[in-house]
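# Analysis of the macromolecular model
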Amino acid sequence: MAEENPNRLSEWLLIVREQAPVLRRRFLDWVEDCKQQPYLIWETTAVRYSAYGLIVLVVMWVCSTATTMLSPPLPVDAQSLATSGDFHVLCSDEDCGQHFVINRAFGFHDFPVRCPACKLLSGQSARRCLSTVCGGRYVVPIERDGQSQCPYCQETFP
Ligand SMILES: [Zn+2]
Ligand SMILES: [Zn+2]
């Protein structure tokens, strides 16, 4: 086995050496032909497909670069905007009634929260009532018959 490999290699070298002048002559012939008829370069399949491949690669590169350049960078606060929001809160204490805004993660419903004015744990989730009676003021909806209602004008919230 150990001796076979070098022998096979030398056999190959011999074949290559024998074929080399033929290949070189063919290649030179091809170069000569191409010099006289330049379109022959294009006629050669290997050259043509390499060119096609190159064009496809360049187009893909240009497209990906353009896409990267055209898409604007994400605003710095995009992530905080996406995960949290402002919640309007009304203090349910009759003597206080403070209206304030808290910023919590979306889906937050851990009410009541502490009121910053009277320090009581009486801040309830509020929403605007757009009826003509309330005129867009913030109210704490009450549950009645399985529906959210305004405690002042009985407007039903969707
Ligand atoms: Zn309060
Ligand atoms: Zn109302």
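Here we summarise the structure given alongside this text. Think of each chain on its own: its residues are numbered from 1, step by step along the sequence as written. Labels follow written order: the first chain is A, the first ligand is 1, and so on. Per-residue local features are limited, in this predicted model, to residues with pLDDT of at least 70; the limit for side-chain atom pairs, both in listing and counting, is 80 or more; totals at the level of whole chains, interfaces and linings are taken over all residues. In computing side-chain values, all of the structure's heavy atoms are included and hydrogens and water are not.

## Regarding the overall build of the protein
Where we set the bar: The helix count covers DSSP runs of H or I at least four residues long, the strand count covers runs of E at least two residues long, and both are numbered beginning at the N terminus. Any two residues whose heavy atoms approach within 4.5 Å are treated as being in contact. Values of accessible area rely on a 1.4 Å probe in the Shrake-Rupley scheme; residue burial ignores everything except the protein chains shown.
On a plain count of helices and strands, the protein comes out with 4 helices and 8 strands. Across the protein, helices and strands are ordered from the amino to the carboxyl terminus as α-α-α-α-β-β-β-β-β-β-β-β. For the protein, the share of sequence-separated contacts (at least 6 apart) that also reach a separation of at least 24 residues comes to 23%. Looking at the protein as shown, the accessible area adds up to about 12,700 Å², and 60% of this sits on carbon and sulfur atoms.

## With respect to the coordination of the zinc ion (ligand 1)
Octahedral metals with six donors have ideal donor angles of 90 or 180 degrees. Tetrahedral metals with four donors have an ideal donor angle of 109.5 degrees. Counted only if it meets this: Water is not part of the atom set, so a site may look incomplete; the donors themselves are N, O and S atoms within 2.8 Å of the metal, or 3.2 Å for Na, K and Ca. Working rule for geometry: tetrahedral if four donors all subtend angles between 85 and 135 degrees; square planar for four, octahedral for six, if opposite donors exceed 155 degrees and the others stay between 65 and 115; irregular in every other situation. Relative accessibility decides the category of a residue: with a 1.4 Å probe and only protein chains considered, values under 20% of the type maximum give buried, values over 50% give exposed, and everything between is partly exposed.
Coordination of the zinc ion (ligand 1) by the protein comes from Cys 91 (SG), Cys 96 (SG), Cys 115 (SG) and Cys 118 (SG), over a distance range of 2.2 to 2.4 Å. Geometry at the zinc ion (ligand 1) is tetrahedral, judged from its 4 donor atoms and the angles of 103 to 114° they form at the metal. Mapping the donors of the zinc ion (ligand 1) onto the primary sequence yields the spacing C-x4-C-x18-C-x2-C. Of this pair, Cys 96 sits in the loop between strand E1 (84–91) and strand E2 (99–105) while Cys 115 sits in the loop between E2 and strand E3 (123–125), placing them 19 residues apart in sequence. Owing to a relative accessible area of 27%, Cys 96 belongs among the partly exposed residues under this scheme.

## A word on the packing of aromatic side chains
What counts here: Pairing of aromatic side chains requires ring centres within 6.5 Å, counting the rings of Phe and Tyr and the six-membered ring of Trp. Pairs whose planes differ by under 30 degrees are stacked, by over 60 edge-to-face, and all others tilted. Charge over a ring is defined by NZ of Lys or CZ of Arg lying within 6 Å of the ring centre and within 35 degrees of the ring normal.
Per the counting criterion, the structure on display carries 4 aromatic pairs. Aromatic pair Tyr 49 and Tyr 52: ring centres 5.8 Å apart, planes at 85°, arrangement edge-to-face. Here Tyr 49 pairs with Tyr 52, and both are found in helix H3 (residues 45–70), just 3 residues apart, close to one helical turn. On the numbers, 5.8 Å between centres and 65° between planes, the contact of Phe 87 with Phe 108 is edge-to-face. Here Phe 108 lies in the loop between E2 and E3 and Phe 87 lies in strand E1, a separation of 21 residues in the sequence. Arg 137 extends its terminal NZ or CZ atom over the ring of Tyr 152, reaching a point 3.8 Å from the ring centre.

## Details of the pairing of E1
Consecutive residues of a regular strand have side chains that alternate between opposite faces of the sheet. Just so we agree on the cut-off: Any two strands between which DSSP finds at least two bridges are classified as paired.
A large share of E1 lies buried, amounting to 6 of its 8 residues. Sheet topology note: the E1/E2 ladder contains 7 bridges and is antiparallel. Along E2, the bridge assignment pairs Phe 87 with Ile 102.

## Details of unusual backbone geometry
Leave glycine aside and you will find that most residues have negative phi; peptide bonds, for their part, are mostly trans. Along the chain, Phe 111 connects to Pro 112 via a cis peptide bond; the corresponding omega equals 0°. With respect to the secondary-structure elements, Pro 112 resides in the loop between E2 and E3. Unusually for a residue other than glycine, Asp 145 sits at a positive phi of about 55°. Mapping Asp 145 onto the fold places it in the loop between strand E6 (142–144) and strand E7 (147–149). Judged by its relative accessible area of 76%, Asp 145 is exposed.

## Here we look at the coordination of the zinc ion (ligand 2)
At this site the zinc ion (ligand 2) is bound by Cys 129 (SG), Cys 134 (SG), Cys 150 (SG) and Cys 153 (SG), with donor distances of 2.2 to 2.4 Å. Around the zinc ion (ligand 2), the 4 donor atoms are arranged such that angles at the metal cover 101 to 115°; this shape is classified as tetrahedral.

## Points about the side chain of Ser 131
Positionally, Ser 131 belongs in the loop between strand E4 (127–129) and strand E5 (137–139). Residues in contact with Ser 131, not counting those within four places in the same chain, are Gly 136, Cys 153 and Glu 155.

## Regarding the nonpolar core
The condition is simple: Take the buried residues of types Ala, Val, Leu, Ile, Met, Phe, Trp, Tyr and Cys, join any two whose side-chain atoms come within 4.5 Å, and each joined set is a nonpolar core.
If you look at the biggest cluster of nonpolar residues, it comprises 8 residues: Phe 87, Val 89, Cys 91, Phe 100, Ile 102, Phe 111, Val 113 and Cys 115. Those elements that place two or more of their residues in this core are E1 and E2. Sort the elements by how many residues they give to this core and E1 lands first, with 3 residues. When neighbours within four sequence positions are excluded, Phe 111 is seen to be in contact with Phe 87, Val 89, Ile 102, Gly 123, Gln 124 and Ser 125. In terms of nonpolar packing, the next biggest core, distinct from the first, is built from 6 residues, Cys 129, Cys 134, Val 139 and Phe 157 among them.

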